[in-house]
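Close look at the chain arrangement
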There are 2 protein chains.
Amino acid sequence: MNLLEALQHLLGAQYVLTGDDAASYLTDWRGRYTGSALAVVRPADTAQVAAVVKLCAEHGAPVVPQGGNTGLVGGATPDATGRAVVISLGRMNRVRTVDTDNDTMTVEAGCILQNLQEVARNANRLFPLSLAAEGSCTIGGNLATNAGGTQVLRYGNTRDLTLGLEVVTPQGEVWNGLRGLRKDNTGYDLRDLYVGSEGTLGIITAATLKLYPMPVARCTALLALASVPDAVAFLSRARAGFGASLTGFELMSAACLELVTRHYPQQRLPFDGSVEQHAWYALLELSDSESEAHARERFEAVLGAALEDGEVQDAAIAENLAQSHAMWHLRESIPLAQAEEGKNIKHDVSIPISRIADFVAATDTLLQEHFPGVRNITFGHLGDGNLHYNVQGPVGEAEPAVLARQDDIYQLVHDSVHAFDGSISAEHGVGQLKRDELVRYKNPVELALMQRIKQALDPQGLMNPGKTLQDAGQV
Amino acid sequence: MNLLEALQHLLGAQYVLTGDDAASYLTDWRGRYTGSALAVVRPADTAQVAAVVKLCAEHGAPVVPQGGNTGLVGGATPDATGRAVVISLGRMNRVRTVDTDNDTMTVEAGCILQNLQEVARNANRLFPLSLAAEGSCTIGGNLATNAGGTQVLRYGNTRDLTLGLEVVTPQGEVWNGLRGLRKDNTGYDLRDLYVGSEGTLGIITAATLKLYPMPVARCTALLALASVPDAVAFLSRARAGFGASLTGFELMSAACLELVTRHYPQQRLPFDGSVEQHAWYALLELSDSESEAHARERFEAVLGAALEDGEVQDAAIAENLAQSHAMWHLRESIPLAQAEEGKNIKHDVSIPISRIADFVAATDTLLQEHFPGVRNITFGHLGDGNLHYNVQGPVGEAEPAVLARQDDIYQLVHDSVHAFDGSISAEHGVGQLKRDELVRYKNPVELALMQRIKQALDPQGLMNPGKTLQDAGQV
C-alpha cells in the first residue's frame, strides 16, 4: 500500500483530499505562497493525527500542519515538490472541558478563536486573545505562531494564556501535557518551546487555556498627541494611573487616520478641525471590575492631569458603547484604508518602548533618503512596543513600482529594527517569509541552539520543513 | 597545566576556593545534601564564566552553578565524587541598566533578590518577585528554578517576569538574548527553556526583567472561612470583584495559626475567640492604583457581600500598615512555628484549583489511615493552586520516628497529587530531591523529550549532572 492508500484506509477516502478539493489548502490567505501536496488530510482526533504522522515518518513524507490558513508568513503552505501531506486540524474542534473554578478550558486545535471567546463568555469568563482573523483562525494556529493581538498589554500573547498542551511528536507519539496548573516546576518548559514553533517540532492537537473574570465595564478614549515621545511618556503615566485596568493602548499616526477618514468619509474623529492638526493619536481601553462610571472617573482623573501638563493635546472619552465602537472602528479600518489606497509594504516589528521614538524618527528619515516620497502608515500596539510600521508608495506611483522595492524596503526597515535592538517579527511569526532574514539578524549562537533542538526532536526533518529554520538542503 | 591550575591562572588564585574555604558552598542550606568539588570558582564576569565552562568541557569536569545556595531541592550541591567545579555567580552582581520607559532592568545572575527589589523601588517601579529567601537568594537561582512566591497570582513566576537572558552554553559560548521586548516571535522560545532548567542546559549569567508601576496603595484583610470549598468559591468572587488588584490570596488552616499563636504568643488574630472556632483562614492583599481609601472601599464592597452570603464567616481589614504587617507576619511565621514544634515533612504541590478541596479531604483521610495521629499543617498560595501541604508528626512523637516515615509520606502525598492531576513541585524545582520521583510521575513521552533536549544541548552531560534528570549512569 502506498502512502496515499494508507491514508485513505486510515481516515476514510472523504477525509483525504487531492486535486481541486485540496486547492484551497495549498495557497496562503494573502495569495503570496502556493504549494503542492500529496494530499490534504482531515483527521478527526488526536489518535488519527498521531497515526498520520507515524505513516508519514515511515514513508519519509514531510508533514505540514494547518489551522484556519489565515497566517501572514506562509507558515502553513507546503513547498512545491508535492511530497508533503498537509494535516488540516479543522475537524478537531471540540471544547473538551470548561472549568470555571480553575478558570481554564481545554480545547482542541481546530477550534475557531471566535467560538472560544464565545464559549468563555457563556461561562461568564473572558478568553482575552483577540485579533483581526478571529472569525476564521484556529487556536492551533494561534498557538503555533504565538499570536498577539489587541489585549497583549494586559493579558499577554497566546503563550501567556496557555497552561498545558497535547502534542503529537514527529515520531507520532502523543504527549499529554494538558495540565491546568499555574505553577509546575517539574522539568523543562516544553510547553513554551512548542508554542510558537510553527509546527516544526510536532503538532499541537489540544491546549488548556487560561480564563479571566469578565470585566464589569469597558471604557474607551481617543487622545491627540504631538509626538511619539509624548505618547511614550503618557503610556508610563497611564500604566501607573490605571494599573492592570489598562487593557489597550494603540498608537496611530495622523496619516493613518487621514487615510481612514478619506476612504470612509462616514467615519469621523471626535475632535474639531482636521485630522492633521495633531501628529499622533492614541486609542485607550480600560477594563474595570467596578462600573462604567468608575472607569470614566479614572479616565478623567488621569487624562485631566496629562492635558494640564500638555502631554496630551486633546482627549475624548466614549460616552456609550456606540462611541466606543466608533473609536475602535477607526483603528481597525487602517489596514482596509491602506488597501484602498493601493498595495503597500507591511512590517510587524517590536522595539524596546524607550527607543520607539528614536526608531521612528531615524527610520522615517532613512526611508525618505533612499525612497523619496514614500508614505509612512505607522500604527500599532504601543503598550507592547509592537509597531505595524507600514510603507505606502508615493502618491500617484503605480503599484508594480512600489512592490518592486519591497525587498529593499524590508531590508532598510529590518536593519533599522535590528540596530534598535528590536525584533523583525513581533507577533506574526517567521514561516517562509522571514526564514532567510532570521539568519541575517539572529545571534548565531541562538540559531545553533535552535538547530540542535530541531535536530534532536525531528531528526528526519519532516515536520513543516522550510519553516522557521532553513532546512538541511538550504543551509 | 591541570584543571585546577588552569582555573587559578584564569581567575586568580583568590577566586578558586578549595578545602575549608570551599566548605560552605558544598552543603545545601537545609543541610540535607553535602558534596565534594575539585574547586569552587568565583568568576567576575560572563567572559570568565564562559572560559571556566570551556576549560571544564576540555577536561571533562562536571559544572555545578550556584547562586545564593538557598535552594530547597539540592540543585546547587555537587555530588560526592569531587570531580565537579562549582561556579558561584556571587561576584556577578551588577545592575547593567534600568530602563524606566521600557519598564525593564538588565541585571547579572549574582544579584541578591532583595537588592533588585530595592533598585526597582529607587526607580519608582515594582519588581514583584518576593519570597522568603529574598535577603540571600540570587536572581540567577530564581531563574534556574523558576521561583514563585507570594505575588504569582498577579505577576506570575520568575519565568513570567523575564524578557531576555544571557546564557553560557555547555560548550562555553555566550548567547546574548538580553532582549527587552514584550513581543518577539522569531523562533524557538529558548528563554523559557532555560528558565527552570536548573543549570542543566547552561548557565544563566544575566537577565532582562520586567518592572511594574509601583502600586499607590496596598491593603490587607484576614478572613475566617468554614471550609476549603468556601475558600475556592470566595477566590472566584474575589478575582471577579477585584480584578488584577488582587495580588495575594494565601490560605491557612486553623492548625497553622494555632501553632503560630502558641509558639509566638505575642501574635494574635484580629478576631474574638479561639483560633479553632474557624477551620480556615485566608490572607488577602489588594494593590491599588488609586488610593488606600479606594482599596478599603473595594474590600468592604466585596467582603460585605460574601459575609452576607455566608461564604465568609468573619473578616478584618487592616486599618494601617502596622496591622497589615501583623497579618502577613502570621502567615510568614508558619514555617518557623512548624520548626519550633519539631521536624516535619514539607510538600510543595499544585493542584487545579477546582480540585483542591477534594484533594485536601482525600489526602487528609488517607494520611490518617496510614499514619494515625499525624497533623496536617496546610497552607499556601490558593490563587495559584499551590499548597504547602506539610505534615507534622503526632503530638509527642520523637523526631526520628517522624523522619523515618518521610519517604512513605512523600509517596502517599505525591501519589494523591498525581491522581488529582497536580504537580509534585510547584515552585521549588526538582534538583536532587525529586529527580527520581519525576521518573515515577512524569509522562514517559515528556521525559523522553526532555532527555533528547538535554542530550542535544549538553552531549557531554557535564552541566549540573544528576539534577532534574537522572544522568546516563543512573538510567
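None of the values given here were measured: they were computed from a predicted structure.

1. Section: the relation of the copies chain B and chain A
For the pair chain B and chain A, the best superposition has an RMSD of 0.1 Å and corresponds to a rotation of 180° with a translation of 0.0 Å parallel to the axis. Each copy turns onto its partner about a two-fold axis. The residues that chain B uses at the interface reappear at the interface of chain A in 100% of cases, marking a shared surface.

2. Topic: the domain arrangement of chain A
Splitting chain A by domain gives domain 1 (3-88), domain 2 (95-213), domain 3 (217-335) and domain 4 (342-419). Averaged C-alpha coordinates put domain 1 of chain A and domain 3 of chain A at centres separated by 44 Å.

3. Observations regarding unusual backbone geometry
Most peptide bonds are trans, and most residues other than glycine sit at a negative phi. Unusually for a residue other than glycine, Asp421(A) sits at a positive phi of about 60°. As for its placement among the helices and strands, Asp421(A) is situated in the loop between helix 14 (406-419) and helix 15 (435-441). Overall, Asp421(A) belongs to the partly exposed group, its relative accessible area being 46%. Although it is not a glycine, Asn69(B) adopts a positive phi angle of roughly 55°. Examined against the element boundaries, Asn69(B) turns out to sit in the loop between strand 3 (63-66) and strand 4 (85-88). For Asn69(B), a relative accessible area of 14% translates into the label buried.

4. Describing the pairing of strand 10 (residues 203-210) of chain A
Residues and elements named next belong to chain A. Counting buried residues along strand 10, eight of its eight residues qualify, which places the element largely inside the surrounding structure. Relative to strand 10, strand 6 (residues 104-108) runs antiparallel, the two being bridged by five bridges. Note on strand 10: the bridge partner recorded for Glu-108 is Ala-206. Bridge count between strand 8 (residues 162-168) and strand 10: six bridges; the pairing is antiparallel. By the bridge assignment, Glu-166 is partnered in strand 10 with Ala-206.

Criteria and cut-off values
- Residues numbered from 1 in each chain as written.
- Chains lettered and ligands numbered in written order.
- Predicted model: local features only at pLDDT ≥ 70, side-chain atom pairs only at ≥ 80, totals over all residues.
- Heavy atoms only, no water.
- Least-squares fit on C-alpha atoms with pLDDT ≥ 70 in both.
- Contact = heavy atoms within 4.5 Å.
- Domains from an automatic or database assignment.
- Helix = DSSP H or I, 4+ residues; strand = E, 2+ residues; numbered from the N terminus.
- Buried < 20%, exposed > 50% of the residue type's maximum accessible area, 1.4 Å probe, protein only.
- Pairing = 2+ DSSP bridges.

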